[in-house]
Structures are given as C-alpha cells and as structure tokens.
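Notes for the structure review
What follows is the residue order along each chain.
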Amino acid sequence: MRKLFTTLAVLFAATFFVSSTYAEDVIKIGVQAPTTGSYANEGQGIDKAVRLLVEQKNAEGGLLGKKIKVYTCDDEGTAQAAAICGRELVNKGVIAVIGSYTSTAAQAAQKIYYNAGVLQTSDGTADALTENSYWTFFRNSNPNSAEAVYTADWMVNKKKYDRIAVITDYSTFAQGLGNAVVEETKKLGGNIIYTGKIKANSQNYTPILTKIKSLNPDVIYFSGYYSDGGLLRAQQKQLGINADFIGGDANDNPDFVKLAGSAAEGAYIINVPTPELLPYDVAKKFLASYKEKYNEMPPSIWTVLNADGLRAIMHAIEETKSLDTKTIANYLVEMEPYPGLSGPLAWDEDGERVGSSYLTYRINENGNYDVVSK
C-alpha cells in the first residue's frame, strides 16, 4: 500500500509539474508605470501601448511560438512604490520591464532588475540612470545632455551660423542646458559671440537684446521657458534684430505662440517629436492602431518611446531566438539601428540610446509647427 501511495505521489507530482510548465509556457513582460496619481495619464498611456503591441504580436503567433503575458505594477511615480514594483515583477518571472515614466521611479527599481537579470527600458532622462552601466538597463529616450549635442550640430553644421548668441535664465535646468549648448557648439568650432542671463518673468528684455543687437548675431538661442521665450522673440522683432530665434524644449508650449504674437512665425523650437508629428511610417501605423483601439491619441511622446523599448526587445528575441536576457542585451548593444516609432533605435554598452530623437520645428504663419530637420 505504501508503495502504491508513493507511486501515485510521484505520478501526481510529475503531472503537476507538466501542467505548471505548460501553464507557464508564456513570455512575461512587466510594465512599471504610474497608473494612478499625478502622472496617471502618462502611466496609463504606457500600459495601453504595451498591451496594444502585445495583442498585435500574439495575434501573429507570439514570440518564438509562445504567447506574451503582461503584468502591470503601479509605481505611483515614487521611489518607494517603484521598489515594491521591482520585487513584485521579478517574483512574477518577467524577463523585461517597460518603465518607468519618471527617472526617480526608474532608478529606484533599477538595481533590483539588475540583480535579477531582468531587462529594463525606461524613458527617464536623468544622466544618473546610465552611470552604473547596468547591462540590464536601456534608455529608450535621450538624456538631457543629448539635446545640447543635437542643438549644436544643427546650428553649426546644418544652419552654419557664424555668430551665435546664447541666453539662459538662472534656473538649474536652463543654465545646465544653455551651458551644455555652448560647450558642444565650441567643440564643433562654432562661434559664440555672447552668453547672458535674464531673470525669469521680468517681462522687459530690451536691455539684453539691445546689447545683443550691437553684436550683429545670426541666431539667438534661448534655453529657458516659453513664458520668457515668447516675449524675447516678440521684443527681438520689435527691436529690429533680424537674427533667427531658437528655443530649447521648454519653449515647446502653445503659450509661446500666444506671447510672441505674429513674431512667432519663423521661430525654431527644438524638442523630441510630439506623437502627431512623428514623420515615420511605422509610427503613423502605430498611432492609427492606438487611436482605433482606445479612441484617443497617446498622451505624449513618452508613450511612444516606451513602446519603442518593447518593440526593440521583441525584435531582439526574434533575431536571437533566445529568452536569455544576457543574450538579448548583447544583441541590443550590437545590432544595427532598428526602425523605431521615434526614429532609429540603437544603444551603446552603457544602455544609452545612440543618436537622437530630437526634431527642429519652425513655427508657421498659422502658429503651427512644421518639421524642418530630423
């Protein structure tokens, strides 16, 4: 009798193991995003994009003959909740995590994923995210410093400005971006004829603009915010300064046009592309599918960037025919640029996105944006 029970127990265990293995015969993908709280709109957009892509891939037969299953954890945009999400998703057995939306939340879970060998791709822009060179981490956006590189290249090599004036304000953000633009411009041999600061919300910028006018600039670059940028552009035109105007990403706001009035026409804005302005065919197809499914457009470019992170991981799995995360990570570092929704996707060995997803827009007479460089 004891022998019979032992045999039955072994058979039951074997049956349970086979059933469990069959049940687990899926590829698990995690989403770490703030689906509630202040950033809920962004977090929900990321989750929706991931689920749309997974639904499409499963309809095609999945990856390596396996269906994909999504697990979402709400990190609320906070470090504490993010750390909990990290442990939860690792325990679920995910091989990759998409997110999070904020650098703080992405960094809080970063080491947890690294220790577990779980891939992570995030839109967080803080430079600190790649300082540890975790092989598991891949930034699907560009760091703050990348904007300066793009801007300098556009001014020096694309537009070939000979005389460049740079204005910033006293904020940490604006000074950091402005200083980086100056540094990168000088590296390329560009001629910076003036650097100066304004006090934000001063309203009257004629003193600094008058000084700049005497130097006969080809372009005025402003790294601060739209509330000052729009007025700077308006007052520049009033003073008859016929230089181009370029605003950094913080000028990308409808109120820039309102404040600048008719002077907004011809001004340039540099930023990552908004979803509706993405010029790539693959992006247009994705946006159409997103709108059809959810009856709305993605809330921002960050939704699209996170979708790109998942698309790249799925591409790497298909190309390597492997679910080993180290193999996938090595492929992502070595692969030729992959056509992304936000532009070509490629990474260096530190997980930093190679190349730039920034675009230059020119404001037209109707106050709308025209893409003039990519």
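Refer to the structure presented above.
Residues numbered from 1 in each chain as written. Predicted model: local features only at pLDDT ≥ 70, side-chain atom pairs only at ≥ 80, totals over all residues. Heavy atoms only, no water.

1. A few points about the overall build of the chain
Of the regular secondary structure elements, the chain holds twelve helices and 14 strands. Counting only C-alpha atoms, the chain reaches 105 × 40 × 40 Å along its principal axes. For the chain, long-range pairs separated by at least 24 residues make up 65% of all intrachain contacts whose partners lie at least 6 apart in sequence. In the structure as shown, the chain presents an accessible area of about 17,200 Å², 50% of it carried by carbon and sulfur atoms. The chain carries 36 positive and 42 negative side-chain charges, and their two centres are separated by 2 Å. (Helix = DSSP H or I, 4+ residues; strand = E, 2+ residues; numbered from the N terminus. Contact = heavy atoms within 4.5 Å. Areas by Shrake-Rupley, 256 points an atom, 1.4 Å probe, with all protein chains shown as cover. Lys, Arg positive; Asp, Glu negative; His and termini not counted. Charge placed at Lys NZ, Arg CZ, Asp CG, Glu CD.)

2. Re the packing of aromatic side chains
Inspection of every chain in the model, using the stated rule, returns nine aromatic pairs. Where Tyr39 meets Tyr101, the ring centres are 5.6 Å apart and the plane angle is 55°; that geometry is what we call tilted. Here Tyr39, found in the loop between strand S1 (26-33) and helix H2 (40-59), pairs with Tyr101, found in the loop between strand S3 (96-98) and helix H4 (103-116); they are 62 residues apart in sequence, far enough to count as distant. Ring geometry for Phe245 against Phe256: centres 5.9 Å apart, planes inclined by 35°, an arrangement best described as tilted. With a gap of eleven residues between them, Phe245 in strand S9 (residues 244-247) and Phe256 in helix H9 (residues 254-260) connect regions that are remote in the sequence. (Phe/Tyr/Trp six-rings, centres within 6.5 Å; stacked < 30°, edge-to-face > 60°.)

3. Overview of the environment of Ala329
In this structure, Ala329 sits in helix H12 (residues 325-334). A relative accessible area of 3% places Ala329 in the buried class. Along the sequence, Ala329 and Val118 sit 211 residues apart, while their C-alpha atoms lie 9.9 Å from each other. (Buried < 20%, exposed > 50% of the residue type's maximum accessible area, 1.4 Å probe, protein only.)

4. Re the sheet that holds strand S14 (residues 369-373)
Two orientations exist for strands paired in a sheet by backbone hydrogen bonds: parallel and antiparallel. If you trace the seven strands from one edge of the open sheet to the other, you get S7-S6-S8-S9-S10-S13-S14, paired in mixed fashion. Strand pairing shows two members of the sheet lacking a second neighbour, strand S7 (192-198) and S14, which therefore form its edges. Across the sheet, the mean angle from the axis of one strand to that of its neighbour is 25°, orientation sign disregarded. Taken together, the six bridges between strand S6 (residues 164-169) and S7 define a ladder with parallel strand orientation. Within the sheet, the bridge partner assigned to Ile167 lies in S7 and is Gly196. (Pairing = 2+ DSSP bridges. Axes fitted to C-alpha atoms, helices over the stretch in contact; angles between N-to-C directions.)

5. Some points on the state of the cysteines
What is meant by a disulfide is a covalent connection between two cysteines, made through their sulfur atoms. Counted by the stated rule, this structure contains one disulfide. Two residues, Cys73 and Cys85, share a disulfide whose sulfurs are 2.1 Å apart. Classification of the bridge connecting Cys73 and Cys85 rests on its S-S torsion, roughly -85°, and on that basis the disulfide is left-handed. In this pair, Cys73 sits in strand S2 (residues 67-74) while Cys85 sits in helix H3 (residues 79-92), placing the two residues twelve residues apart along the sequence. The same class applies to Cys73 as to Cys85, namely buried. (Disulfide = S-S within 2.5 Å.)

6. Side note on the pairing of S9
As defined by bridge partners, strand S8 (residues 219-222) adjoins S9 across four bridges and the pair is classed as parallel. Its bridge partner lying in S9, Tyr221 is registered against Ile246. The β-α-β motif built from S8, the intervening helix H8 (residues 226-238) and the parallel element S9 has right-handed crossover chirality. Looking at chain direction, S9 and strand S10 (residues 268-271) are connected through two bridges and run parallel. (Right-handed = clockwise from strand over helix to strand, strands pointing away.)

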